[in-house]
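Reading the structure
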Amino acid sequence: MEPDRHSELNALRPDLLRFARLQLRDAGAAEDAVQETLLAALAGGKQFEQKSSYKTWLISILRNKIIDIIRSQGREAPLSALTDDPEEEAAIEALFEADGHWRKDVRPARWADPEASLEQQQFWRVFEACLDHLPERTARVFMMREVLGLDTGEICKETGISTSNCWVVLHRARLALRACLQQGWFAGAEA
Amino acid sequence: MLSCKQATELMSQEQDRRLTLVERIGLRLHVMICSACASYRAQMAFLRQACRRLGSGGGL
């Protein structure tokens, strides 16, 4: 292991920790996942191929560690035991008129050049804050699907919730996340 | 005709499963005449893009 690799690892640690905390919502579990990732990276440094960035490689290890932790948590405390969040439901109901049309003041409008936002660090802080703001069960299912890349079948298996329930939870997550980004980022960007 | 609320459900589910032909046609007709839902659909695609980026370490 070259010394520059070692310092690179240290420099990336806070990013890895933030990523793990976002997924696991548990500082202790996040710390464990990062620790295991760093150990695996130190042990398997030769497996790293230059075709991806070092950070991408570390995140891919971390992702697997997080999935392992989620699996074991799922066995101990199934997500199906978490109940619906009435506040979340009320927030969704508030987006639509009784006839199912968008309420006038929340009708989605086009976002100007959203891809450009992906290059701005401030956007990512807002995005993470929006993810963090989702209710726990919603966030867990959404991250498993979108950030960790599991399909709904796997999510059902790991969490014990039904497929149709999974779709409902993902839909709520997307509605809430879109609204949060609108409010926290794109509304300001347009002004 | 789908309501916007129903359309948003399908726009979420199309990210997770293949919609039926009837659902796809209904959704296509809806977004043709509803600019809010057309925007929403583009934003769903953007959310996926951002999450993928986050999941591959590019969002930090």
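As the structure is a computational prediction, the values presented were derived from the model and not from experiment.

1. Regarding a nonpolar patch on the surface
All names here are of chain B. A contiguous nonpolar surface patch, about 720 Å² in accessible area, is contributed by M1, L21, I25, L29, M32 and I33. Examined against the element boundaries, M1 turns out to sit in the segment before α1 (4–13). Relative accessible area serves as the criterion here: at 72%, M1 is assigned to the exposed category.

2. Quick look at the domain arrangement of chain A
Residue and element names in this part refer to chain A. For chain A, the domain assignment lists domain 1 (3–76) and domain 2 (79–190). Each of domain 1 and domain 2 has a C-alpha centre, and these two points are 25 Å apart. Contacts between domain 1 and domain 2 engage twelve residues on the former and 17 residues on the latter. Across the domain 1/domain 2 interface, buried area totals approximately 1,400 Å², and carbon plus sulfur atoms make up 53% of it. Taken as a group, L22, Q23 and R25 account for 45% of the area that domain 1 buries against domain 2, more than any other trio of residues on that side. For the pair domain 1 and domain 2, the number of links is two salt bridges. Residues R18 and E128 are paired through a salt bridge, measuring 2.9 Å at the closest nitrogen-oxygen approach. For the side of domain 1 that touches domain 2, the elements supplying multiple residues, two or more each, are α1 (3–24) and α3 (54–76).

3. Concerning the interface of chain A and chain B
Across the contact, 44 residues belong to chain A and 32 residues belong to chain B. Between chain A and chain B, the buried area comes to about 3,400 Å², and carbon and sulfur atoms account for 62% of it. For the chain A face of the interface with chain B, the top three residues by lost area are W124(A), W167(A) and R174(A), together amounting to 18%. We note a salt bridge from K5(B) to E93(A), for which the minimum N-O separation is 3.1 Å. One can count 15 residue pairs in polar contact (both at pLDDT 80 or more) joining chain A with chain B. For the side of chain A that touches chain B, the class distribution of residues is 22 nonpolar, six polar and 16 charged.

How each quantity is defined
Residues numbered from 1 in each chain as written. Chains lettered and ligands numbered in written order. Predicted model: local features only at pLDDT ≥ 70, side-chain atom pairs only at ≥ 80, totals over all residues. Heavy atoms only, no water. Patch = residues over 30% accessible without salt bridge, like charges linked within 9 Å, V, L, I, M, F, W, Y side chains within 5 Å. Areas by Shrake-Rupley, 256 points an atom, 1.4 Å probe, with all protein chains shown as cover. Salt bridge = Lys/Arg side-chain N within 4 Å of Asp/Glu carboxyl O. Helix = DSSP H or I, 4+ residues; strand = E, 2+ residues; numbered from the N terminus. Buried < 20%, exposed > 50% of the residue type's maximum accessible area, 1.4 Å probe, protein only. Domains from an automatic or database assignment. Contact = heavy atoms within 4.5 Å. Buried area = accessible area lost by both parts, 1.4 Å probe. Polar contact = N/O pair within 3.5 Å; in protein donor to acceptor, adjacent residues only side chain to side chain. Nonpolar A, V, L, I, M, F, W, Y, C, P; charged D, E, K, R; others polar.

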